[in-house]
Amino acid sequence: MFKGGLVCASVSTRCFSRFIASNVELSTGLASATTRCKGFARLSPSLCYSTSSRHGREFNRPLTGNDMPRPGGIASMFRLPIHENTDDLDVCFVGIPLDIGVANRSGTRFGPRQIRTESPMIRLCNPDTGAAPFESLQVGDVGDVNINVYNLPKACDDITAHYKKLIVNGCKTLTMGGDHTLAYPVLRAIGDKYGPVGLVHIDAHNDTEDTMCGEKITHGTPFKRAYDDNLIDPKRSIQIGLRGPSNDIYEHQWALEKGFRVVTGKECWHKSLEPLMVEVREMMGDGPVYLSFDIDSLDPSIAPGTGTPEIAGLNIIQALEIIRGLKGLNLVGCDLVEVSPPYDPLGTTALIAANLLFEMLCVLPGVKYYDV
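Residues numbered from 1 in each chain as written. Predicted model: local features only at pLDDT ≥ 70, side-chain atom pairs only at ≥ 80, totals over all residues. Heavy atoms only, no water.

Colleague: Could you give an account of the overall build of the chain, with specific residues and numbers?
Modeller: What the chain contains, in helices and strands, is nine helices and 15 strands. Relative to its 372 residues, the chain shows a buried fraction of 56%. For the chain, the share of sequence-separated contacts (at least 6 apart) that also reach a separation of at least 24 residues comes to 73%. When the accessible surface of the chain is totalled, it reaches about 15500 Å², and 52% of it is carbon and sulfur. (Helix = DSSP H or I, 4+ residues; strand = E, 2+ residues; numbered from the N terminus. Buried < 20%, exposed > 50% of the residue type's maximum accessible area, 1.4 Å probe, protein only. Contact = heavy atoms within 4.5 Å. Areas by Shrake-Rupley, 256 points an atom, 1.4 Å probe, with all protein chains shown as cover.)

Encoded structure:
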């Protein structure tokens, strides 16, 4: 992380490169927070990333629209400070610009960037639930994984190696994708640290194919590979929202035989999913849990910017019920994948993704809650 934890939010790209190498000195106290950089003039607090102080510890917090107009500032996630590593973080946002595992429309390599661009609409707390994550957790943006975009197996190795470093100290990762292939290499790192995890998988597709066009690693195979490598506990795995035409009437049979619970999209029509999430919490127990949320689980009338859209999907309220229903579980990581900005030029899909990632942050262990 940059020394002092703050980084100027209104410097040019060229200056930002110089800024990284500069020695940043932070004066203490939120009201008088200023930043000194070698070769730069002192900047006012309103031009810097924000922090909040609770119980003697200073926490990063997003810039508000009063600190800096939402179109301004460096486009980090929620305009949080950018960190080089997770040494002092409880939670990190990380992007994986991957789309070489897709079977249909590409473009998800641009997902993390667009999600960050839309994220300034997120604010400091969640009045619906009482969650105030920036008052109890140190949260930052650690940038993107540097992957090989010409070699998918090598890209997966890049992701696993990077994530092992990110989580070595227990930091929780909130991943922005990127196609769903990425769940497999992320789970390799997660499984190496925590052992087999419970899986909450929200998707239009089961992603448990053994191969696609003869290839073992694709965005349609991550959870078959994760099962084969003993990274997930099938008795604590659930898939919600599955739907759409198939080449096999019994396409979910493999997962059911292995112990997965499958909740199809049709089973979710016209109902609240809060009762289902009570069952999910009981199913997951106290063990480590990983959430993998494919944006194509939502109906394409809501979130069109994705590569493999299927009609008759979940709605936004159901998505919130699912994520909020995970409160109290031992979540060790989450991902939000398959955002493909070229298919939604208005940015609505990425805006939804940013909001859902905020909801994921709000249910992580250690979040402070107010009575509401």
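Colleague: Let's hear about helix α3 (residues 152–167): which residues, and what values?
Modeller: For α3, built from 16 residues, the straight-helix expectation of 22 Å at 1.5 Å per residue is met to within 8% by its first-to-last C-alpha distance of 22 Å. Burial in α3 covers these residues: L152, A155, C156, D158, I159, T160, Y163, L166 and I167. Looking at the buried side of α3, the elements it contacts are β6 (91–96), β8 (139–144), β9 (172–177) and α4 (183–194). For α3, the capping residue at the N-terminal end is N151, with a side-chain oxygen 2.9 Å from the backbone nitrogen of K154. (Expected span 1.5 Å × (residues − 1). Polar contact = N/O pair within 3.5 Å; in protein donor to acceptor, adjacent residues only side chain to side chain.)

Colleague: A description of the environment of V200 should follow, citing residues and the corresponding values.
Modeller: Mapped onto the fold, V200 is located in strand β10 (residues 197–202). For V200, a relative accessible area of 0% translates into the label buried.

Colleague: Could you give me a rundown of the side chain of E310, with the residues and numbers involved?
Modeller: With respect to the element layout, E310 can be found in the loop between β13 (288–294) and α8 (316–324). One buried charge, E310, has no salt-bridge partner; the nearest side chain with opposite charge is R243, at 6.3 Å. A distance of 2.8 Å separates a polar atom in the side chain of E310 from a polar atom in the side chain of H205. When residues no more than four places from it in sequence are discounted, the contact partners of E310 are A204, H205, R243, G244, P245 and P300. (Lys, Arg positive; Asp, Glu negative; His and termini not counted. Salt bridge = Lys/Arg side-chain N within 4 Å of Asp/Glu carboxyl O.)

Colleague: Now, about the pairing of strand β14 (residues 330–337): what can you tell me, with residues and values included?
Modeller: In terms of residue burial, β14 counts as a mostly covered element, since seven of its eight residues are buried. Across four bridges, the pairing between β9 and β14 is parallel. Its bridge partner being in β14, T173 is matched across the sheet by G333. Read from β13 through α8 to β14, the crossover connection turns out right-handed. (Pairing = 2+ DSSP bridges. Right-handed = clockwise from strand over helix to strand, strands pointing away.)

Colleague: Summarise the packing of α3 against α4; cite the residues concerned and give the values.
Modeller: Axis angle and axis distance: for two packed helices, these are the angle between their axes and the distance between the axes, and together they describe the pair. The interhelical angle for the contact between α3 and α4, taken along N-to-C directions, is 40°, at an axis separation of 7 Å. The angle between α3 and α4 places the two elements in the oblique class. Seen from above, α3 lies across α4 with right-handed handedness. Across from C156, D157, I159, T160, Y163, K164 and I167 in α3, the residues of α4 making contact are P185, V186, R188, A189, I190, D192 and K193. Residues belonging to the contact of α3 with α4 are distributed by class as follows: eight nonpolar, one polar and five charged. (Axes fitted to C-alpha atoms, helices over the stretch in contact; angles between N-to-C directions. Parallel < 35°, antiparallel > 145°, perpendicular 65-115°, else oblique. Left-handed = near helix turned anticlockwise from the far one by under 90°. Nonpolar A, V, L, I, M, F, W, Y, C, P; charged D, E, K, R; others polar.)

Just distances and angles here, no functional claims.
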